[in-house]
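Listed below are the residues making up each chain.
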Amino acid sequence: MKEIYQVTGGAYGGIYVDENFEKLLENLFGIRKVKEYRIKFPAEWLRLMNDFEMKKRGRRALDGKITRITLPRNFLEMVSAPSSSDLATRLSKSCNFHDVEIYNDEFLCLGPETMKSLFDSVINGIIPHMRELMSKPALKNVSCLFMVGGFAESVFLQEAIKMEFRSRCRVLPLLPNYASIAVVQGALMFGQKPTIVTSRVMSTTYGFRIYREFDPTKHDPKKIIIAEGIALCKEIFDVVVKENDVVEVGETKRFTRLPLYNDQTEVRFPFYTSTDPNVKYTTDSSVGPSIGALVVDSPDTSKGMNRNIVLCIFFGDTEIKVTGVDETSDNASAPVYLDFLTKS
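So, a few notes on the structure that sits alongside this text. Quick caveat: nothing in here was measured; it's all calculated off a predicted structure.

## Let's talk about the overall build of the protein chain
And then number 1: Counting its regular elements, the protein chain contains 8 helices and 17 strands.
And then number 2: Counting only C-alpha atoms, the protein chain reaches 85 × 55 × 40 Å along its principal axes.
And then number 3: For the protein chain, long-range pairs separated by at least 24 residues make up 69% of all intrachain contacts whose partners lie at least 6 apart in sequence.
And then number 4: Averaged over its 44 positive side-chain charges, the protein chain has a centre that lies 5 Å from the centre of its 44 negative ones.

Structure representation (structure tokens):
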């Protein structure tokens, strides 16, 4: 199995629908009251959110029906007590939707319009993101879509994807049994047989900081330093792999570098990621904080700067393993592991 395009994502999960529901509760009953309830009755709050979690997967709202969320007694007593006005009256004044009501002092009834509004911001992020992905040349032959994870069971999301891609894909969408735990099952299966994925597409650019001989036609004059009488350019981003490069699982890249000073007894290689595949310096705006550093001891300085420090960068599973060896003294560093499934 091979990846044909890099991992992508964004704030598109079902958790953001939950956040919209929480904001609705705060709008209806007051931010202070809702937060106070969450602190005093955490178990009840969890049951309330679990009830919403189950209801948001249903199709009642899609069919024009009311969705009922059970409100715990302690919640109703807290938001209406001790001297507030009638809860139903206050609800009607604070709500922007005409289809929200409290029924029988027990249920929060959300009409189709309100229920749909909780999904709008998330689905309006997912669909354009998928549309852009499907326009990529690498994905031009995609004809089936699989949906996994808890949010995949949302009928709202399923219908939105069907409407958008029905002319492109012959099967829309495919859901495995127990889609909500498919991600966990996949992770376990991958752990048992990691070789099933033979190559990955890099989602960002990786490299490490080095110094190079200064070239006035290429380098920033502000970055010039003098080491052992030699003019060098500091903070060069030495690229290991670029965004969208394909790396084989088990592939190893080797880099040979030299110390800066004759008496230098250790060499440090900080690693970075960049959102720009054409990055030049580790100080560029596209470069994030260092994601790790490799330190190689080089105690034998008899050869001065003429000592080969060899970096071996191994691509395996879901991370990069980096080791370093000083060939002069045969000193090996402790390995450093870098996660390459995460963007900058």
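## Some details on the sheet that holds strand S2 (residues 100–103)
And then number 1: Taken in spatial order, the 3 strands make up an open sheet running S1-S3-S2, and their pairing is antiparallel. Where the open sheet ends on each side, the last strands, each with one partner, are strand S1 (67–70) and S2. Ignoring which end each strand starts from, the neighbouring axes of this sheet average 25° apart.
And then number 2: The sheet contact formed by S2 and strand S3 (residues 107–110) spans 4 bridges and is antiparallel. Across the sheet, the residue bridging to Val-100 is Leu-110, located in S3.

## Quick look at the environment of Pro-194
And then number 1: Tracing the backbone through its elements, the reader meets Pro-194 in the loop between helix H8 (182–192) and strand S6 (199–201).
And then number 2: Classification of Pro-194 as partly exposed rests on a relative accessible area of 25%.
And then number 3: Along the primary structure Pro-194 and Gly-316 are separated by 122 residues, whereas in three dimensions their C-alpha atoms are 8.8 Å apart.

## A word on the sheet that holds strand S13 (residues 292–297)
And then number 1: Taken in spatial order, the 5 strands make up an open sheet running S8-S9-S7-S12-S13, and their pairing is antiparallel. The two strands at the open ends of the sheet, each matched to only one other strand, are strand S8 (224–227) and S13. This sheet shows a mean twist of 40° between the axes of neighbouring strands, independent of strand direction.
And then number 2: Pairing analysis gives 7 bridges linking strand S7 (residues 205–213) to strand S9 (residues 230–241), with the strands arranged antiparallel.

## Re the pairing of S7
Moving residue by residue along a regular strand, the side chains alternate between the two faces of the sheet.
And then number 1: Strand direction decides the pairing type here: S7 and strand S12 (residues 266–274), joined by 4 bridges, are antiparallel. For Thr-205, the partnering residue across the bridge sits in S12 and is Ser-274.

## So, the side chain of Arg-307
And then number 1: Inspection of the secondary structure puts Arg-307 in the loop between S13 and strand S14 (309–316).
And then number 2: Looking at Arg-307, its side chain comes within polar contact range of the main-chain oxygen of Gly-304, at 2.4 Å.
And then number 3: Setting aside anything within four residues of it in sequence, one finds Arg-307 in contact with Arg-257, Leu-258, Pro-259, Tyr-261, Asn-262, Gln-264, Ser-298, Asp-300, Thr-301, Asp-326 and Thr-328.

## Some remarks on the pattern of salt bridges
A pair can form between side chains of opposite charge whenever their charged atoms are brought close.
And then number 1: One pass over the full model with this rule turns up 17 salt bridges.
And then number 2: In this structure, Asp-18 engages Lys-56 in a salt bridge whose closest nitrogen and oxygen atoms are separated by 2.8 Å. Remark: Lys-56 occurs in the loop between helix H3 (42–55) and S1 and Asp-18 occurs in helix H1 (residues 15–29); sequence separation between them is 38 residues. A single burial state applies to Asp-18 and to Lys-56, both of which are buried.
And then number 3: Of the charged contacts, one joins Asp-63 and Arg-59 as a salt bridge, the two residues approaching to 3.2 Å between their closest N and O atoms.
And then number 4: Taken together, the shared-partner salt bridges in this structure form one network comprising Asp-18, Glu-53, Lys-56, Arg-57 and Glu-153.

## Overview of the state of the cysteines
One way to say it: the disulfide is the covalent bond shared by the sulfur atoms of two cysteines.
And then number 1: Applying the stated criterion to the full structure yields 0 disulfides.
And then number 2: Here Cys-169 is not disulfide-linked; the sulfur of Cys-144 is the nearest cysteine sulfur, at 7.0 Å.

About the cut-offs
Residues numbered from 1 in each chain as written. Predicted model: local features only at pLDDT ≥ 70, side-chain atom pairs only at ≥ 80, totals over all residues. Heavy atoms only, no water. Helix = DSSP H or I, 4+ residues; strand = E, 2+ residues; numbered from the N terminus. Contact = heavy atoms within 4.5 Å. Lys, Arg positive; Asp, Glu negative; His and termini not counted. Charge placed at Lys NZ, Arg CZ, Asp CG, Glu CD. Pairing = 2+ DSSP bridges. Axes fitted to C-alpha atoms, helices over the stretch in contact; angles between N-to-C directions. Buried < 20%, exposed > 50% of the residue type's maximum accessible area, 1.4 Å probe, protein only. Polar contact = N/O pair within 3.5 Å; in protein donor to acceptor, adjacent residues only side chain to side chain. Salt bridge = Lys/Arg side-chain N within 4 Å of Asp/Glu carboxyl O. Disulfide = S-S within 2.5 Å.

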